[in-house]
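Architecture and fold: a report
One-letter residues, chain by chain:
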Amino acid sequence: MTMHKEFKRIAVFTSGGDAPGMNAAIRAVTRAGLANNFEIYGIKRGFQGMIEDDFFANMKANDVSGIMQQGGTFLQTARSEDFRTYEGREKAFRNLQKHEIDAVIVIGGDGSFTGALIFSQEFDVPFIGIPGTIDNDMYGTDYTIGYDTALNTVMQAVDKIKDTAQSHGRIFFIEVMGHEAGALALKAGVACGAEVTFIPEVQDEEKDLEIFLAEDYKTKKRSGIIMVAEGDRPGGALELANKVQKEYPEIGVRVSILGHMQRGGSPTVTDRVAATQMGVAAIDALLDDQKNIMVGLHNEKIVRVPLSKVVKLNRSFDDNLLYIQKLINSAY
Ligand code: F6P
């Protein structure tokens, strides 16, 4: 056990959209921190709680017992408008000073890391980021907490929809979360045998849909699953389905918007373990005098990536999965 020379008290919080596995990350940060003789403070409701002085002082190992299997985040989260203002950030800084916080661990997505970076440049607060979002859209890590659970939730929902789609010979347009990223829609689409997946990163899916509707639907399939990432187009799956229904009035078209059920549920093994690894890695990073970095996973190993890079660069999507989906659907 070590006692770090500079840091004594560390705060941890969750921010932005919640994701299953965030609790496992809070638990790992708390316990790895305590094991290294840090004092751990939780901040409730993200940056908003930091501004409003909503702190959970001196968390102990028992305070994070029994939370790992629960979805959501027991510290709660928020998308804070106040933190976008300098006045809000100043208040937040005063509260960190009041509680004598030496470093902060933020569990969240791109938006949260951008806020952390601005804050740290203004007030010199050291941050460590842990990637948590069901979107899996962050640069520098293969994996974000919550993605695997959300994938499984989507898969289970689509499997059920497929039963009724096949019974009635209908085409279902299924809208999946992901305002700027198609990772969730694409991978779940491969897992569910979707005919076509619409994602924001690609523009030519209408051609594939046309081929499916004009040829495959009539000749071999007679039902279909079309996945649509919510960020693919304004109007989402509903607008696309309406357009298709107008062109093909004889086809039974239905829409299912999966919505926020994708953000809930008990985390999978993958999410619990990844969150635990990254939580411990965040404490390790502080012990190594790191600041303003994200801990992530690359090829199943922990990596450290500067927050400035994470927020600036875009993650490339898995075009191999897209190729696989097209290939599988081109077979006769
Ligand atoms: O970033 C995660 C995410 O779930 C996106 O996929 C979705 O577009 C967004 O959050 C919805 O956020 P909220 O429900 O907080 O408005």
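What you are looking at is a predicted structure, and each value in this text was computed from that prediction instead of being measured. Within each chain, residue numbers correspond to sequence positions counted from 1 in written order. Totals for whole chains, interfaces and linings use all residues, but because this is a predicted model, local features are given only for residues with pLDDT of at least 70 and pairs of side-chain atoms are given and counted only at 80 or more. Note that the side-chain values use all heavy atoms of the structure and ignore hydrogens as well as water.

Considerations on the packing of helix 1 (residues 22–35) against helix 9 (residues 269–287)
Put simply, the test is: For every element, the axis is a line fit to its C-alpha atoms; helices are fit only across the contacting stretch, and the angle between N-to-C directions ranges from 0 to 180 degrees. Helical segments are the DSSP runs of H or I of at least four residues, strand segments are the runs of E of at least two, and each set is numbered from the N terminus. For any helix crossing, the convention is left-handed if the near helix is rotated counterclockwise from the far helix by under a right angle, and right-handed if that rotation is clockwise. Working rule for contacts: check all heavy atoms of both residues, and any pair within 4.5 Å makes them a contact.
At a minimum axis separation of 7 Å, helix 1 and helix 9 run at an interaxial angle of 35 degrees. The handedness of the crossing between helix 1 and helix 9 comes out as right-handed. Contacts between helix 1 and helix 9 involve Ala 24, Ala 25, Ala 28, Val 29, Ala 32 and Gly 33 on the former and, on the latter, Arg 272, Ala 275, Thr 276, Gly 279, Val 280 and Ile 283.

What to know about helix 8 (residues 236–247)
Here is the rule: The span one expects for a helix is its residue count, reduced by one, times 1.5 Å. The classification of residues rests on relative accessible area computed with a 1.4 Å probe and restricted to protein chains. Under 20% of the type maximum is buried, over 50% is exposed, and intermediate values are partly exposed. Our arc is simply the arc of the directions from the helix axis toward the C-beta atoms.
Here helix 8 contains 12 residues, and its C-alpha end-to-end distance of 18 Å stays within 8% of the 16 Å for a straight helix at 1.5 Å per residue. What helix 8 keeps buried is the set Gly 236, Ala 237, Leu 240, Ala 241 and Val 244. Taken end-on, helix 8 shows its buried residues confined to a sector of 115 degrees, consistent with a single buried face. Contacts from the buried residues of helix 8 go to strand 6 (170–176), strand 7 (196–198), helix 7 (205–221), strand 8 (224–229) and strand 9 (252–257).

Digging into unusual backbone geometry
You will see that Asp 124, though not glycine, has its phi angle at about 55 degrees, which is positive. Structurally, the position occupied by Asp 124 is in the loop between helix 4 (110–123) and strand 5 (127–131). In this model, Glu 300 sits at a positive phi of 65 degrees, which is unusual for a non-glycine residue. The residue Glu 300 is located in the loop between strand 10 (293–298) and strand 11 (301–306) in this model. The exposed category is assigned to Glu 300, whose relative accessible area is 72%.

Let's talk about the sheet that holds strand 1 (residues 9–14)
Convention followed: Strand pairing requires that DSSP identify at least two bridges connecting the strands.
The sheet built from seven strands is open, its strands ordered 3-2-1-4-5-10-11 with mixed pairing. Every interior strand has two partners, whereas the edge strands, strand 3 (55–56) and strand 11, have only one. Strand contacts of helix 9: strand 1, strand 4 (103–108), strand 5, strand 10 and strand 11, with the helix running at about 140 degrees to strand 10, the strand carrying the most contacts.

Looking at the pattern of salt bridges
The criterion, for reference: When a carboxyl oxygen of Asp or Glu lies within 4 Å of a side-chain nitrogen of Lys or Arg, that pair is called a salt bridge.
Applying the stated criterion across every chain, the model contains 18 salt bridges. Of the charged contacts in the structure, one is a salt bridge between Glu 90 and Arg 94, with a shortest N-O distance of 3.6 Å. Of the two residues, Glu 90 and Arg 94 are both situated in helix 3 (residues 86–98); the distance of four residues between them amounts to about one turn of the helix. Residue Arg 233 pairs with Glu 206 through a salt bridge whose shortest N-O separation is 3.2 Å. Note that Arg 233 is positioned in the loop between strand 8 and helix 8 and Glu 206 in helix 7, a separation of 27 residues in sequence.

Some details on the layout of surface pockets
Here is the rule: In the cavity and pocket records, a cavity denotes points on a 1 Å grid over the protein atoms alone where a 1.4 Å probe fits but cannot get out, a pocket denotes an open set with protein on both sides within 12 Å along at least 5 of 7 lines, and lining residues are residues with an atom within 4 Å of a point. Grid points are joined across faces, edges and corners, and a volume is the space filled by probe spheres set on the points. Classification convention: Asp, Glu, Lys, Arg as charged; Ala, Val, Leu, Ile, Met, Phe, Trp, Tyr, Cys, Pro as nonpolar; all other residues, Gly among them, as polar. Note that the domain bounds reflect an automated or database-derived domain assignment.
A volume near 1,300 Å³ is recorded for the largest pocket. Lining of the largest pocket is provided by 50 residues; of these, Gly 109, Asp 110, Thr 133, Asp 135 and Asp 137 occupy positions nearest its centre. Elements that contribute at least two residues to the lining of the largest pocket include exactly helix 4 and helix 6 (183–192). In terms of residue count, the dominant contributor to the lining of the largest pocket is helix 4 (six residues). Residue composition of the lining of the largest pocket, grouped by class: 15 nonpolar, 18 polar and 17 charged. Two domains each provide a minimum of three residues to the lining of the largest pocket, namely domain 1 (9–146 + 267–312) and domain 2 (147–263). Within this model, the second largest pocket holds a volume of roughly 260 Å³. Lining the second largest pocket are 17 residues, and of these Glu 195, Val 196, Asp 208, Lys 326 and Asn 329 lie nearest its centre. Looking at the lining of the second largest pocket, the elements that each hand over two or more residues are strand 7, helix 7 and helix 11 (319–329). Ranked by the residues each element gives to the lining of the second largest pocket, the list is headed by helix 7, at six residues.

Regarding the nonpolar core
Selection rule: Put simply, buried Ala, Val, Leu, Ile, Met, Phe, Trp, Tyr and Cys residues joined by side-chain atoms within 4.5 Å make one nonpolar core.
Ile 105, Ile 130, Ile 174, Leu 184, Met 227 and Val 295 are the most contacted members of the largest nonpolar core, which has 62 residues in total. Two domains each provide a minimum of three residues to this core, namely domain 1 (9–146 + 267–312) and domain 2 (147–263). Filtering out sequence-adjacent residues up to four positions away, Met 227 remains in contact with Val 154, Val 158, Ile 174, Val 176, Ala 185, Ala 188, Gly 189, Ala 194, Val 196, Thr 197 and Phe 198. Counting residues in hydrophobic clusters, the runner-up holds 27 residues, among them Ile 43, Leu 117, Val 125 and Val 305.

Here's the deal with the sheet that holds strand 7
Hydrogen bonds between backbone atoms are what pair the strands of a sheet, whose relative direction is either parallel or antiparallel. Read across the sheet, four strands follow the order 7-8-6-9 without closing on themselves; strand pairing throughout is parallel. Because the sheet does not close on itself, it has two edges, and the strands there are strand 7 and strand 9. Strand-to-strand twist in this sheet, taken as the mean axis angle between neighbours without regard to direction, amounts to 20 degrees. By the bridge criterion, six bridges tie strand 6 to strand 8 in an arrangement that is parallel. In the strand pairing of strand 8, Phe 173 is matched with Ile 226.

A look at the side chain of Asn 95
Take Asn 95: it is sitting in helix 3. Here Asn 95 is in contact with Met 50, Ile 51, Glu 52, Asp 53 and Phe 55, once residues within four sequence places are set aside.

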